[in-house]
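# Breakdown of the fold
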Amino acid sequence: MSSDKRPGRRRFLKIALATTGATAAAGGGGYLLWRRRPIEGAPIVEDRPGYVHPGARVETRRRLGRTGLDIGVVGIGAGGLQGHEPILRAVDRGMNFIDTSICYGDSEKVIRRALLADKSLRQKLVIATKWDPGTTTTKKEMLDSLDKSLSRLNVDHVDIMQVHWLGGGHKFPDDGFNRLDNPELYLAMEEARKSGKVRFFGATSHAGKRSAILQHAIDKGAFDMILVKMNVLDHEDADIPALLAKARDKDVGVVVMKSQPGGGRIPKAYEESRYDIYQANLRWVLDHPEVACVVESKIGREAAYQDLAIAAVQEQLGRRDHGLLDRYATALSPDYCRGCGDTCAAACPDGVAIDHVLQFSMYDREYGWHERAREHYRELPAPARWSDRCATCSACTDACPYGVDAASGVREARARLG
Ligand code: SF4
Ligand code: SF4
């Protein structure tokens, strides 16, 4: 890699200069951009293994915008549920928000088993699920999807119904905005609310353009909350501060997903501090007062991660976290595709959907979502997955401003998912 290809080298200098004042203005809640030069004389921070506070609970609640719901700052991501016991354990430890989807395999059925195992659970748990309408999906199809969710969950209503994964590439052609412009969506929302089957509505995105997409959703005036990917790696570049500001101004609640960049990938030499990184990432997200809750799929599966998350939120983000995150983010940067798309896409002569391809491959590699990753990959039109030129080309790698080896990623995706 030439020196000019190091992650964001030219932008680093530009942003460092531009943000020195902005960061100070942001106050204690603002995180220094990871590309900013380390503060002169800052102490070298020693890593330590992750820690837990036995018996601790998630006591802190935040209001989810105009829904008025009070939810624990750590919630259950239901993307990879394997059994219902972790749900009961998490609720017992103070978590009261669960995020599922019609697209998460058997997830809604697993939640049903938890509700059957503890009859008082429904009263304690805020259930958010998702439907997945495209640009031409009808009101009837959406309401049918809602009824199927209610049936799988065995409940008479859900607290929140969200639009699944705007800009995800899995409902080609989905630019993130066009699905929000389907008038049938708002008719379905109106009817679902009137029938009492849904209390509130939300929109979700983890696309590179998620800030603009979800601001578009907020501008529609019909959504009470958003679920958004947010982490230290591309917070400023993805324009998340503008999204948070708009959500705050409109009193739209914010729940964060994917706080662990790249599916929790840990860069080489940071293996020993991975739990600390997990905890620091959660604290960093919650250092933003607009965020009501951070959901995490490992919390839905593993007691160890529940305990780490509970312990993480017993403390405020501190100088030690900043030091660790700064170094970790710098090390992870060349392995982390932000999904920003435009630069590599402009360099590709054959129109491969590089951002989506790399994301689906990450699902397979980091999350172990093998079936879902394959399914999404195959939903892309064939020319958007692969070109014969990819065997030898490196134009997208050369174009990526962050130094991501996108061409190798496209080849890896074909080997894994093709
Ligand atoms: S490869 Fe680079 S330019 Fe392309 S989507 Fe990923 S981070 Fe963005
Ligand atoms: S390696 Fe493939 S995806 Fe990347 S620029 Fe070349 S043809 Fe496009």
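As shown above, the structure is provided for reference.
This is a predicted model, so every value here is computed, not measured.

## Regarding the packing of helix 15 (residues 370–379) against helix 18 (residues 406–417)
- The geometry of helix 15 relative to helix 18 is characterised by a closest axis approach of 10 Å and an angle of 115° between their N-to-C directions. Judged by the inter-axis angle, helix 15 sits roughly perpendicular to helix 18. Crossing geometry of helix 15 relative to helix 18 is assigned as left-handed. Along the contact surface, helix 15 presents Ala373, Arg374, Tyr377 and Arg378, while helix 18 presents Ala413, Arg414, Arg416 and Leu417.

## Let's talk about the pattern of salt bridges
- Scanning all chains against the criterion turns up 31 salt bridges.
- Here lysine 140 ties to aspartate 144 by a salt bridge, and the two come within 2.9 Å at their closest N and O atoms. Of this pair, lysine 140 and aspartate 144 both sit in helix 5 (residues 139–153), separated by 4 residues, roughly a single helical turn.
- With a relative accessible area of 57%, lysine 140 lands in the exposed category.
- The class for aspartate 144 is partly exposed, based on a relative accessible area of 31%.
- Put simply, lysine 209 and aspartate 342 hold a salt bridge, and the shortest N to O gap is 3.0 Å. Residue lysine 209 is found in the loop between strand 7 (198–205) and helix 7 (210–220), and its partner aspartate 342 is found in helix 13 (residues 342–347); the two are separated by 133 residues along the sequence.
- The network of salt bridges with shared partners includes Arg265, Asp364, Arg365, Glu366, Glu412 and Arg416.

## Focus on the site of ligand 1
- For ligand 1, the full set of nearby residues is Cys337, Arg338, Gly339, Cys340, Gly341, Cys344, Asp355, Cys400, Pro401, Tyr402 and Ala406.
- Taken together, the residues of the shell around ligand 1 break down into 7 nonpolar, 2 polar and 2 charged.

## What to know about the sheet that holds strand 10 (residues 291–296)
- The 8 strands are arranged 3-4-5-6-7-8-9-10 in a closed barrel whose pairing can be described as parallel. Here the strands of the sheet are splayed against their neighbours by 30° on average, with no regard to which way each runs.
- Packed onto the sheet, helix 5 meets strand 5 (126–131), strand 6 (158–163) and strand 7 and runs at close to 140° relative to strand 5.

## Looking at the pairing of strand 8 (residues 225–229)
- When you tally the buried positions in strand 8, you get 5 out of 5 residues, the bulk of the element.
- Of the two faces of strand 8, both are covered, the one formed by Met225, Leu227 and Lys229 as well as the one formed by Ile226 and Val228.
- Bridge analysis of strand 7 against strand 8 gives 4 bridges, and the strand direction is parallel. Its bridge partner being in strand 8, alanine 203 is matched across the sheet by isoleucine 226.
- In this fold, strand 7 hands off to helix 7, which returns the chain to strand 8; that crossover is right-handed.
- Bridge analysis of strand 8 against strand 9 (residues 253–257) gives 5 bridges, and the strand direction is parallel. In the strand pairing of strand 9, valine 228 is matched with valine 256.

Procedures and definitions
- Residues numbered from 1 in each chain as written.
- Chains lettered and ligands numbered in written order.
- Predicted model: local features only at pLDDT ≥ 70, side-chain atom pairs only at ≥ 80, totals over all residues.
- Heavy atoms only, no water.
- Axes fitted to C-alpha atoms, helices over the stretch in contact; angles between N-to-C directions.
- Helix = DSSP H or I, 4+ residues; strand = E, 2+ residues; numbered from the N terminus.
- Parallel < 35°, antiparallel > 145°, perpendicular 65-115°, else oblique.
- Left-handed = near helix turned anticlockwise from the far one by under 90°.
- Contact = heavy atoms within 4.5 Å.
- Salt bridge = Lys/Arg side-chain N within 4 Å of Asp/Glu carboxyl O.
- Buried < 20%, exposed > 50% of the residue type's maximum accessible area, 1.4 Å probe, protein only.
- Near = heavy atom within 4 Å.
- Nonpolar A, V, L, I, M, F, W, Y, C, P; charged D, E, K, R; others polar.
- Pairing = 2+ DSSP bridges.
- Right-handed = clockwise from strand over helix to strand, strands pointing away.

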